[in-house]
Amino acid sequence: MHRFKVSKFRHMEARLPRREAWINDIRAGTTPSCGNQIKSSCSVIAFNSDRPGVLGIVPLDGQGEDKRHVTHLGCHSDVVTDLDFSPFDDFLLATGSADRTVKLWRLPAPGQALPTVPGLVLGPETLQVEVLQFHPTADGVLASAAGMAVKVWDVARQQPLTELAAHGDLVQSTVWSRDGALLATACKDKQLRVFDPRAQAEASQSTQAHENCRTSRLVWTGTQEHLMSTGANQMREREVKLWDTRHLSSALASLTLDTSPGSLMPLLDPDSGLLILAGKGESQLFCYEVATLQPALSPVNQCILESTLRGAALVPRRALAVLNCEVLRVLQLSDTAIMPISYRVPRKAVEFHEDLFPDTTGCVPASEPQAWWAGSNQQVQRVSLNPACRPHNSFTSPLLPPMELPPVPAQLVEMLVEDTDPSEGFSSPPSSLASPSTPSSLGPSRSSTSGIGTSPSQRSLQSLLGPSSKFRHAQGTVLHRDSHITNLKGLNLTTPGESDGFCANRLRVAVPLLSSGGQVAVLELRKPGRLPDPALPTLQNGAAVTDLAWDPFDPHRLAVAGEDARIRLWRVPPEGLEEVLTTPEATLTGHREKIYSLRFHPLAADVLASSSYDLTICIWDLQAGAERLRLQGHREQIFGLAWSPDGQQLATVCKDGRVRVYDPRSGPEPLQEGPGPEGSRGARIVWVCDGHCLLVSGFDSRSERQLLLYAPEALAGGPLAVLGLDVAPSTLLPSYDPDTGLVLLTGKGDTRVFLYELLPEAPFFLECNSFTSPDPHKGFVLLPKTECDVREVEFARCLRLRQTSLEPVAFRLPRVRKEFFQDDVFPDTAVSWEPVLSAEAWLGGANGQPRLLCLQPPGMTPVSQAPREAPARRAPSSALYLEEKSDQQKKEELLNAMVAKLGNREDPLPQDSFEGVDEDEWD
């Protein structure tokens, strides 16, 4: 800055907002990443929530209570690392995640439901996505950084235009120049590189930006020749540098700040040249004015914040209050609120000041991706910020056309928001990762027997948003530590993908150990607590364990499959395993190669099915210890198999991309066969909807995890519905509860458990609240229904295996009238621990049905028979407090109050009591 030139921002002040202007009731995420955690367009704010893969969405200029309505968008299966709004379309949002994908979303107008699936998906990358930024002049061009790779995408074609090379470490920042011709990157190898992506994939210039490898950020100034960088020097002092791309060997100007550990986020307004420096984890903002003609960084002011900063973003210049001389607005993201901080230049006249607000870039792109890639350098037309001549047109990107949805009435949206409790422990909202055919599960339940009545407005909302599950508000909670089994050591966490990793019944848990000889630890669920440090007594299987399963009709018998192609049956003493067992009760031999998985028959005692690498399935009679049936027809590895609920059929999913259904007693060849998942990484299969459907979890051709629902009698016609979920390496393990129709889905190493209610007709999948844990689990199994606490409306109980502990997880449904038995949630359940048939009878062709058991506790009345309560008023009538008075009465009360305040006029004055002098003394 010229030393004789006075800055017009010298008197600028930062105004902290009143609490009424805060956006409260949020829970911001604190995941370390290269992103700013929050971004804003001229209409919408998006920020990272504390739930992995979930963003909070809120209008920028909501009025009154509407501004506090924060909705949540489930974007990814892992944490969101960065996000960016299109500079032209206020409702086009790009998100990058640790799940290695980039997704584009079309956000709806206020009053409409959030999208259920992304509009476009880019990737997956080899590593997690770190940085995203839209191109400043061309609509549909996006730069992304993942690991050491930087790609420039043609979003419409979902293909990269180029991939920039020469990075030696993690790329921490990627920014476009203002004219869109150059791309600059900052890397953990301390290098600042400048690329011309259309000319070559190698850097045209590079230099060492900062001497320390701490997180470095970049931002371009208003000219294409100058950019800023933030980082740290060799003494770990934070610093800011100004660079000229024409002379990149040394910085034009440098500023050293302090040794604070938080990384600096530079927020630069190119029109005014004002730079905001925000440090993560700090409580202050630094403002500087950047001058490029005579390079300098001049301090303007410093703002002390009321709370710790977790992220920061600039509001676009077109959304500023220009008549109030607001030249900047910073959105501060704290743990529980978003605070808009306004920077204003005091002026006497309330009018538009052209010196403060020059023309800024508009919202209409200058070119398309292919035209820009061919060499077009057209610039975005600039527009005036003067409200008197500001254009009112807006741009909608053709990348994701807006969906034509009927508007949701405001009172229904209010009900929707009030119905969601953001303070529930581990439960996250519906993730919006449903299939296009699946309506949003945000609507109210269709059941009116739950103790929560369905109002006409709720039924209207349901008609707009489609059907929803009565389990949509299910809450998953880890039970108290007193019920955990801790100090687990030496677990085998590398069991084959076809195995669940461990198994459990109502009494015990069997867990393979990482030791020679295929040892299996047996833990008593009735004896929680810390395990002793000495080695536990185990089952010495003699070969590495590939799968294991408890006999459903004999809680003391465990079947263990080994890599030696043998199945060993172990008998655990009723009092528990107190010594090492080396001799099994029986050994089954018949397979030629190692075994994939084991499945007991659901109704017949002593019947076991096993699949092997020899591509066959054997049906064993355990009482006789012999193989009775052998199924054929598989051409590749068998990923999974499952018995039908009536025990008459057996379904399999195979690596050859086929789903098959067998009638084992009628012949070795399949009855039905149809196309399965396209991916070959793994799959699982389970019978659902009372045996009327088959659910397959697998991968598509792009390695995205998906669910496929089939009609068993029509496999050749393909799936009835397909639901895409996320991108993750582990296969989803389904656990189905036939009483509620819910399926729980999670993978080894995941932190999230998906819940869906399954229907045999459209919309097929109804999404419910998912369960999210702070650390990944190694296994997740469903316990029998009798283990649930019915009085607490607990409809499912599971066991979650961690690295060193085993903890129970209860899934409960919030209900108002919990003193009644919720018979709509707990129908009569099958007595799964009593066999219906013997092995000989089943093999002879007999069939049967299980006995049913009522779960109603003694002394509880079903809620369907409970007396209906009259709806209570939310607030007492005002007639109880107010009494209508005439105007004359009001006047008299007012006069009486004034007189009482002034006091009694007839009282003597103070001076009347003073002693005076006689009249003659005045002479």
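Residues numbered from 1 in each chain as written. Predicted model: local features only at pLDDT ≥ 70, side-chain atom pairs only at ≥ 80, totals over all residues. Heavy atoms only, no water.

A short note on the overall build of the chain
- Across its full length, the chain carries five helices and 64 strands.
- Across the 923 residues of the chain, 54% fall into the buried class.
- Put simply, 55% of the contacts in the chain that link residues at least 6 apart link residues at least 24 apart. (Helix = DSSP H or I, 4+ residues; strand = E, 2+ residues; numbered from the N terminus. Buried < 20%, exposed > 50% of the residue type's maximum accessible area, 1.4 Å probe, protein only. Contact = heavy atoms within 4.5 Å.)

Here we look at the environment of Leu733
- Within the secondary structure, Leu733 sits in strand β55 (residues 733-737).
- Judged by relative accessible area, which is 6%, Leu733 ranks as buried.
- The sequence separation of Leu733 and Ser499 amounts to 234 residues, and the corresponding C-alpha distance is 9.2 Å.
- When residues no more than four places from it in sequence are discounted, the contact partners of Leu733 are Asp500, Arg684, Leu744, Leu745, Thr746 and Lys748.

Quick word on the pattern of salt bridges
- In total, this model carries 50 salt bridges according to the counting rule given.
- In this structure, Arg802 and Asp775 form a salt bridge, with 2.9 Å as the shortest nitrogen-oxygen distance. Taken together, the residues Arg802 in the loop between β61 (794-801) and β62 (805-812) and Asp775 in the loop between β59 (770-772) and β60 (779-782) connect sequence positions 27 residues apart.
- In the salt-bridge network here, residues are joined through shared partners; they are Arg635, Asp656, Arg658, Arg660 and Glu673. (Salt bridge = Lys/Arg side-chain N within 4 Å of Asp/Glu carboxyl O.)

Section: the packing of aromatic side chains
- Inspection of every chain in the model, using the stated rule, returns 12 aromatic pairs.
- Each ring, one from Phe352 and one from Phe357, has its centre 5.9 Å from the other, and the planes form 25 degrees; the classification is stacked. Assigned by exposure class, Phe352 and Phe357 land together as buried.
- Seen from their ring centres, Phe780 and Phe811 are 6.5 Å apart, and the 75 degrees between their planes marks the pair as edge-to-face. Placement of the pair is Phe780 in strand β60 and Phe811 in strand β62, with a sequence separation of 31 residues. Accessibility assignment for this pair places Phe780 and Phe811 in one class, buried.
- Of the aromatic side chains, those joined through ring pairs into one cluster are Trp176, Trp372 and Trp373.
- When the ring centre of Phe699 is taken as origin, the NZ or CZ atom of Arg681, which lies over that ring, is 4.8 Å away. (Phe/Tyr/Trp six-rings, centres within 6.5 Å; stacked < 30°, edge-to-face > 60°. Lys NZ or Arg CZ within 6 Å of the ring centre and 35° of its normal.)

Things to note about unusual backbone geometry
- Here the bond from Gly123 into Pro124 is cis, since omega is 10 degrees, no more than 30 degrees from zero.
- Secondary-structure assignment places Pro124 in the loop between β9 (120-122) and β10 (129-134).
- Following Ala762, the chain continues into Pro763 via a peptide bond in cis, with omega recorded as 10 degrees.
- By the secondary structure assignment, Pro763 is in the loop between β57 (752-758) and β58 (765-767).

Looking at a nonpolar patch on the surface
- Where nonpolar side chains cluster on the molecular surface, the patch consists of Leu894, Leu895 and Met898 and spans about 320 Å² of accessible area.
- Topologically, Met898 is positioned in helix α5 (residues 887-902).
- Residue Met898 is classed as partly exposed on the basis of its relative accessible area of 45%. (Patch = residues over 30% accessible without salt bridge, like charges linked within 9 Å, V, L, I, M, F, W, Y side chains within 5 Å. Areas by Shrake-Rupley, 256 points an atom, 1.4 Å probe, with all protein chains shown as cover.)

Observations concerning the pairing of strand β13 (residues 159-164)
- Where strand β12 (residues 149-154) and β13 come together, five bridges link them in antiparallel fashion. Following the sheet pairing, Asp154 is matched in β13 by Gln159.
- If you look at the hairpin formed by β12 and β13, you'll find four residues sitting between the two strands, and Gln158 has a positive phi there, around 55 degrees. (Pairing = 2+ DSSP bridges.)

Some points on the sheet that holds strand β23 (residues 274-279)
- Ordered by their spatial adjacency, four strands build an open sheet running β22-β23-β24-β25, and the pairing between neighbours is antiparallel. Each end of this open sheet is capped by a strand with a single partner; those strands are β22 (264-269) and β25 (296-304). Neighbouring strand axes in the sheet, compared pairwise and without regard to direction, differ in orientation by 25 degrees on average.
- Across five bridges, the pairing between β23 and strand β24 (residues 284-291) is antiparallel. Paired with Leu277 across the bridge in β24 is Phe286. (Axes fitted to C-alpha atoms, helices over the stretch in contact; angles between N-to-C directions.)

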